[in-house]
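One-letter residues, chain by chain:
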Amino acid sequence: MKHMVDLAWHENMFFDTVLDGHRLIIDASEESGGTDKGPRPKKLMLLALAGCTAMDVISMLRKMKIIPDKFNVIVEAEVTDEHPKKYDKMHVIYQFSGKDLPLAKLERAVQLSEEKYCGVSAVYREVVDMTSEIRIV
């Protein structure tokens, strides 16, 4: 299987593409020569990780017949000071709320995502120091 993205430049630092039938825009801040029409590409890496692992966790919890009232995935990342400015540490917070949420099953769903199913996490783990935690709020 092969994936492809065709990113088109419009002006300044403004680009767009269509992914899975949805238009996605990226741009730079005004300080960096853009017009702030969309998010920055590097932060989309964090969204990719959050989305990939969130979908895995919810899928597994559904199979376990556990549905939280709320579920968030927060990804915090540290950027290096030197060029190329890259993420060198990422911390993933799995935040659940609801009644009767068995911690052992939440941990199992997160573990399976992180170690077996999330392709984004698998790539990032090769080059970034990654940690995670589960919070029940």
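Residues numbered from 1 in each chain as written. Predicted model: local features only at pLDDT ≥ 70, side-chain atom pairs only at ≥ 80, totals over all residues. Heavy atoms only, no water.

- For the protein, an unreviewed UniProt entry supplies the name Osmotically inducible protein C and the organism Prolixibacter denitrificans.

**A short note on the overall build of the protein**
Argument step 1. Within the protein one finds three helices and six strands.
Argument step 2. Across the protein, helices and strands are ordered from the amino to the carboxyl terminus as β-β-β-α-β-β-α-α-β.
Argument step 3. Counting every position in the protein, which comprises 137 residues, the buried fraction comes to 34%.
Argument step 4. Considering only residue pairs separated by 6 or more positions, the protein has 50% of its internal contacts joining residues 24 or more positions apart.
Argument step 5. Put simply, the protein has 19 plus and 22 minus side-chain charges, and the middle of one group is 7 Å from the middle of the other. (Helix = DSSP H or I, 4+ residues; strand = E, 2+ residues; numbered from the N terminus. Buried < 20%, exposed > 50% of the residue type's maximum accessible area, 1.4 Å probe, protein only. Contact = heavy atoms within 4.5 Å. Lys, Arg positive; Asp, Glu negative; His and termini not counted. Charge placed at Lys NZ, Arg CZ, Asp CG, Glu CD.)

**Details of a negative patch on the surface**
Argument step 1. Together, Glu-78, Asp-81, Glu-82, Asp-88 and Asp-129 make up a region of like negative charge exposed at the surface.
Argument step 2. Positionally, Asp-129 belongs in strand β6 (residues 129-136).
Argument step 3. A relative accessible area of 44% means that Asp-129 is categorised as partly exposed. (Patch = residues over 30% accessible without salt bridge, like charges linked within 9 Å, V, L, I, M, F, W, Y side chains within 5 Å. Areas by Shrake-Rupley, 256 points an atom, 1.4 Å probe, with all protein chains shown as cover. Salt bridge = Lys/Arg side-chain N within 4 Å of Asp/Glu carboxyl O.)

**Topic: the packing of helix α1 (residues 41-63) against helix α2 (residues 103-117)**
Argument step 1. Put simply, α1 and α2 touch, their axes get as near as 9 Å, and they point 135° apart. When the axis of α1 is compared with that of α2, the two are oblique. Crossing handedness for the pair α1 and α2: right-handed. Residue-level inspection shows Thr-53, Asp-56, Val-57, Met-60 and Leu-61 of α1 in contact with α2, the latter providing Lys-105, Leu-106, Ala-109, Val-110, Leu-112, Ser-113 and Tyr-117.
Argument step 2. For the contact of α1 with α2, the per-class residue count stands at eight nonpolar, two polar and two charged. (Axes fitted to C-alpha atoms, helices over the stretch in contact; angles between N-to-C directions. Parallel < 35°, antiparallel > 145°, perpendicular 65-115°, else oblique. Left-handed = near helix turned anticlockwise from the far one by under 90°. Nonpolar A, V, L, I, M, F, W, Y, C, P; charged D, E, K, R; others polar.)

**Considerations on the side chain of Thr-17**
Argument step 1. Structurally, Thr-17 can be placed in strand β2 (residues 14-19).
Argument step 2. Looking at Thr-17, its side chain comes within polar contact range of the main-chain oxygen of Asp-6, at 2.7 Å.
Argument step 3. The residues touching Thr-17, leaving out its near neighbours within four places in the chain, are Val-5, Asp-6, Leu-7, His-22, Arg-23 and Leu-24. (Polar contact = N/O pair within 3.5 Å; in protein donor to acceptor, adjacent residues only side chain to side chain.)

**What to know about the sheet that holds strand β5 (residues 87-97)**
Argument step 1. Taking strand neighbours across the sheet as the criterion, the three strands line up as β4-β5-β6 in an open arrangement whose pairing is mixed. This sheet does not close on itself; its edge strands, each paired only once, are β4 (70-79) and β6. Direction aside, the axes of adjacent strands within the sheet are offset by 15° on average.
Argument step 2. Sitting on the sheet, α2 touches β5 and β6, and the angle it makes with β6 is about 155°. (Pairing = 2+ DSSP bridges.)

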